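Inside the fold
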Amino acid sequence: MSIPDYMQCAEDHQTVLVVVQPVGIVPEEEFFRIYKRIASINQVSIRDSQRLLYIRYRHHYPPENNEWGDFQTHRKVVGLIAVTTCNSAKEWPQTSERFHGQKEVFGPTLYDSRLLVFGLQGEIAEQARTDVAFYSSYDKCEDVEKRVEDFVESIFIVLESKRLDRATDKSGDKIPLLCVPFEKKDFVGLDTDSRHYKKRCQGRMRKHVGDLCLQAGMLQDALVHYHMAVELLRSVNDFLWLGAALEGLCSASVIYHYPGGTAGKSGGRKPSVSQAADAGKRHRPGALTTNGISADTSSEIGRAKNCLSPEDIIEKYKEAISYYGKYKNAGVIELEACVKAVRVLAIQKRAMEASEFLQNAVYINLGQLSEEEKIQRYSILSELYDLIGFHRKSAFFKRVAAMQCVAPTIAEPGWRACYKLLLETLPGYSLSLDPKDFCKGTHRGWAAVQMRLLHELVYASRRMGNPGLSVRHLSFLLQTMLDFLSDQEKKEVTQSLENYTSKCPGGMEVIALPDGLKLPPVPFTKLPIVKSVKLLNLPVSLRPRKLKGLLGQNMATKSPFIYSPIIIHNRGEERCKKIDFQWVQGDVCEVQLMVYNPMPFELRVENMGLLTSGVEFESLPAALSLPAESGLYPVTLVGVPRTAGNITVNGYHTSVFGVMSDCMLDGLPGVKTSGCVVEVVPALPRLQLSTSLPRSANSRQPSSGEEPSSSVSVQLFNGESQQLLVTLENIASEPLETLEVTSKMVNTKEKVFGEFLTWDLDGALSQLPLKPGQTVVLTVNIKVKLDFSGQENLFQDLNDDGISVTGLPISSPLRQVLKPRAENKPMGTESGKPEYNQVKMLEAVLHFKYSGGQGQVEGYYRELSLGVHVDVEPSVFFTRVSTLPATRMAIQVDKFDLESLPEPDEERLRFASPRQLEEERQQVQGCRINAELGLVWNIISFAARLPCGGLMERAQRNGRGLSWWVVQTSVLSVTVQLRGCQ
């Protein structure tokens with residue numbers, strides 16, 4: 001016997017073997033449909049008896065295995081059921097002849113046979129025959145199961161008769177010597193009258209009767225016969241049959257201890273009613289068996305004594321296998337015994353001992369096996385290792401079987417079978433084809449073995465002609481094993497991936513295999529690695545603002561209750577993800593990602609965009625190139641929401657090495673995010689601002705903290721005015737319907753006389769609504785009037801003749817930025833004297849509050865701000881103070897040297913009315929020189945007293961300067977010298 005039956009288990013020793021085969025041309029589908037119906041009758045309760053007959057069906061059985069039927073009767077084919085198709089009476093003789101020919105193959109061992117004929121009608125079909133059943137078609141055969149039960153009962157009758165015949169003690173007759181096929185030549189010429197020979201014959205016959213009793217459902221009798229056979233065969237050192245007797249004893253004990261079977265879920269049997277109840281009811285104490293054996297052999301006491309314990313079962317299996325190992329031709333028997341012992345140990349949960357049996361089975365030499373037999377052997381070893389919990393060992397033999405499918409000696413390698421077996425090895429190596437399993441905790445399994453297996457899957461799928469599978473497995477390898485790949489391996493894998501994707505690009509679809517397995521998509525979340533995701537707010541000028549009167553409406557409509565802990569809880573959960581700012585429909589929104597390139601070469605990422613849900617969103621893909629091992633690198637992804645509502649940023653999509661990936665934020669380990677849900681408000685108009693004045697190069701941020709959208713800067717003299725033209729253009733798709741302009745002084749340290757910024761909004765409002773693309777111009781007047789007051793020690797610092805002048809807190813303009821020209825400076829000025837160059841600054845912010853479209857209906861608006869920065873310089877300032885001796889007991893000031901700053905035109909020096917002249921005089925009278933002296937300063941009006949041109953003429957005639965008496969008192973005279981005027 002050279003073909004092992006790897007599916008055998010211990011309880012198969014009590015079954016009878018029936019072969020079901022087609023005769024002639026039978027459709028395969030129809031044959032297996034009938035075969036399944038026949039195989040469903042696997043146990044039959046015998047009438048007029050409480051015994052059960054178990055049947056084992058095979059549709060293919062090697063005839064050479066049938067020759068071992070005397071050694072173990074469950075290997076003997078005792079029944080044959082032939083299935084044939086016969087469409088006419090002319091075909092019947094040939095069909096009948098084929099059936100008889102089929103019976104001759106198993107003729108010596110057959111107890112009975114049946115022929116099922118489908119398609120034949122007429123006189124022949126109407127004949128009543130016990131061995132032939134006629135059916136008009138495969139669909140009209142309702143009594144197939146009934147005929148099979150009758151067939152099994154006929155087999156039992158023959159089996160029982162043989163058991164009774166062999167069990168009867170015929171002391172006068174000579175007991176034949178039962179032999180296995182390879183023993184027949186060894187017993188030629190032996191002395192058949194020797195006591196040794198007779199014991200051998202008796203021992204073998206006892207073992208054979210034990211097999212028949214076990215098949216006939218007489219468990220206790222089988223145990224007795226097996227024990228007797230063991231004693232007889234051990235005395236004559238008949239080791240092969242002694243091993244068979246021990247194995248039979250083990251099988252009977254296993255059937256007693258484990259009535260549910262040892263074949264596992266697929267091959268397990270249901271315990272019979274008699275087994276499930278008390279098996280001793282069939283053999284009550286004091287009762288006789290059908291063969292007349294004394295009742296003491298069938299008592300429960302005897303059964304418990306003769307039956308092996310679970311521990312003894314394994315010891316006897318070991319002994320039997322050791323005896324089988326002495327015979328080279330008994331390799332199949334030894335291998336099958338190891339398989340049976342492993343199944344028993346699996347039920348007993350004794351994995352280590354089971355592994356010893358399997359290790360022995362690996363090294364059993366069965367001679368020259370075909371490639372199919374090798375594949376079957378390794379596959380069964382894999383299943384048995386998996387049965388005892390040795391999953392990695394199971395995966396090893398499964399992989400060996402897969403490699404055997406594509407061995408070089410095979411003319412047509414079975415790459416599909418190889419690929420299927422490789423997939424079955426994945427659980428044993430702690431490998432899953434779902435990338436989500438690799439995001440949970442630490443890596444499991446041996447990475448080197450896993451990478452080797454994934455490479456084999458890639459190669460097998462390519463040889464199958466399925467490049468899509470190759471791309472999926474290679475993508476999985478790169479994603480999950482990236483941390484274990486060397487730099488050179490990373491380059492090789494990516495090059496291979498690019499070669500595959502050039503023919504078949506990778507995507508995010510689920511790949512369904514023919515056997516029902518589905519391969520999930522593999523997103524490249526590590527190419528590049530994302531460390532943080534941050535949703536960015538809109539620029540200040542584009543942020544939507546809610547009208548104050550409408551802020552609480554949404555909160556009030558959510559619940560009629562003032563307080564509810566359930567609502568608070570729900571809002572708290574929502575706040576964990578929802579961001580406290582809004583985006584606007586139709587405006588570009590930004591999400592910033594901090595990414596890292598782990599590859600040792602430049603990584604090109606194409607078609608990188610956002611994945612969102614909730615509202616219609618137009619993603620604007622970007623392409624980037626990250627240097628090798630770049631470190632954290634900021635990447636901004638943009639898009640435009642097209643509808644209003646709550647938008648959820650679920651992740652991003654990329655295209656790397658030709659593989660499209662959808663990377664979800666939930667699947668990114670260790671990613672920091674401040675939230676991913678943003679409210680999108682309805683569309684609003686958008687204004688673009690331009691001015692007639694130059695913009696500030698480096699505008700200071702106002703003290704209020706609100707940075708203006710833009711700012712302008714201008715330099716004016718005190719009292720000067722300037723016009724600012726502001727052009728507003730609607731660059732959005734919504735019309736501008738409302739516009740409000742307000743201003744706010746930022747720097748409040750200086751006292752400003754009059755209005756700093758003034759405008760007329762009526763003209764601009766008359767042009768509303770402002771359609772997209774249209775502009776409106778607003779004129780803003782800038783006028784500066786400040787109080788330049790000097791310090792108390794002004795005269796002391798400006799004194800040039802050593803005479804101190806104290807107690808003169810006068811009001812005087814000072815210049816800070818512009819310095820006197822060098823030619824106008826006195827020649828004797830010391831370098832150590834300080835220069836008073838004071839320029840005062842005024843800052844204000846113009847706020848443009850506007851709205852329109854659907855956003856206005858919802859109560860939203862936008863605010864655009866323009867910063868105005870003005871440097872104010874004094875128009876006149878003191879340059880030198882001189883003192884002269886008085887002719888009487890009083891202080892007389894000879895003159896003050898002042899320098900007039902350049903004036904842009906004559907209008908700057910002309911007041912519109914006497915009222916304005918008086919106001920100007922009051923502004924410069926702020927401080928008195930000395931209240932006790934009664935000194936008051938008055939700055940004259942050049943326009944009233946002397947025109948600028950006349951003043952210039954007098955200045956030209958008097959080369960030393962121009963003196964102008966302003967105030968004279970009894971104790972002080974003041975002279976003002978003007979250096980120049982333009």
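The chain is annotated in an unreviewed UniProt entry as Trafficking protein particle complex subunit 9 from Paramormyrops kingsleyae. Regarding the chain, the UniProt comment filed under Subcellular location (unreviewed entry) reads as follows: "Golgi apparatus". Looking at the Sequence similarities (unreviewed entry) heading of the UniProt record, one finds this comment for the chain: "Belongs to the NIBP family."

1. Some details on the overall build of the chain
Along the backbone of the chain there are 28 helices and 32 strands. Per-residue burial over the chain gives 47% buried out of 982 residues. In the chain, of all internal contacts separated by at least 6 residues, the share reaching a separation of at least 24 is 73%.

2. Here's the deal with the nonpolar core
One finds Tyr-419, Leu-478, Leu-527, Leu-535, Trp-583 and Leu-593 to be the most contacted residues of the largest nonpolar core, which totals 84 residues. Counting residues per element, this core draws most heavily on helix H18 (residues 447-463), at seven residues. With sequence-adjacent residues up to four places away left out, Leu-535 is seen in contact with Ile-579, Phe-581, Trp-583, Glu-590, Val-591, Val-649, Gly-675, Cys-676 and Val-678. Formed by 65 residues, the second largest nonpolar core is a distinct cluster that contains Met-205, Cys-213, Tyr-317 and Leu-384.

3. Considerations on the sheet that holds strand S23 (residues 721-730)
Sheet architecture is open: four strands sit in the order S21-S23-S26-S25, paired in antiparallel fashion. Looking at the sheet topology across the chains shown, the edges are occupied by strand S21 (687-691) and strand S25 (757-759). Here the average twist between neighbouring strands, direction ignored, is 30°. Of the strand pairs in this sheet, S21 and S23 are connected by five bridges, and their pairing is antiparallel. What sits directly across from Gln-688, in S23, is Glu-729.

4. A short note on helix H12 (residues 310-324)
Residue pairs three or four apart in sequence face the same way in an α-helix, which turns once every 3.6 residues. The end-to-end C-alpha distance of H12, which contains 15 residues, comes to 21 Å, matching closely the 21 Å that a straight helix rising 1.5 Å per residue would cover. All buried positions along H12 are accounted for by Ile-313, Ile-314, Tyr-317, Glu-319, Ala-320, Ile-321, Tyr-323 and Tyr-324. Where the residues of H12 are buried, they touch helix H7 (219-235), helix H8 (239-257), helix H13 (331-348) and helix H14 (351-362).

5. Overview of the sheet that holds strand S3 (residues 52-58)
Hydrogen bonds between backbone atoms are what pair the strands of a sheet, whose relative direction is either parallel or antiparallel. Across the sheet, six strands lie side by side as S2-S3-S1-S4-S5-S6; this open sheet has mixed pairing. Each of the sheet's edge strands pairs with one partner strand only, and the pair in question is strand S2 (43-45) and strand S6 (132-135). If you compare each strand with its neighbour and ignore which way they point, the axes differ by 25° on average. Where strand S1 (residues 15-23) meets S3, five bridges bridge the pair, whose relative direction is parallel. By the bridge assignment for S3, Val-19 is matched with Arg-58.

What counts as what
- Residues numbered from 1 in each chain as written.
- Predicted model: local features only at pLDDT ≥ 70, side-chain atom pairs only at ≥ 80, totals over all residues.
- Heavy atoms only, no water.
- UniProt positions renumbered as here; feature names shortened; annotations may be inferred.
- Helix = DSSP H or I, 4+ residues; strand = E, 2+ residues; numbered from the N terminus.
- Buried < 20%, exposed > 50% of the residue type's maximum accessible area, 1.4 Å probe, protein only.
- Contact = heavy atoms within 4.5 Å.
- Core = buried A, V, L, I, M, F, W, Y, C linked by side-chain atoms within 4.5 Å.
- Pairing = 2+ DSSP bridges.
- Axes fitted to C-alpha atoms, helices over the stretch in contact; angles between N-to-C directions.
- Expected span 1.5 Å × (residues − 1).

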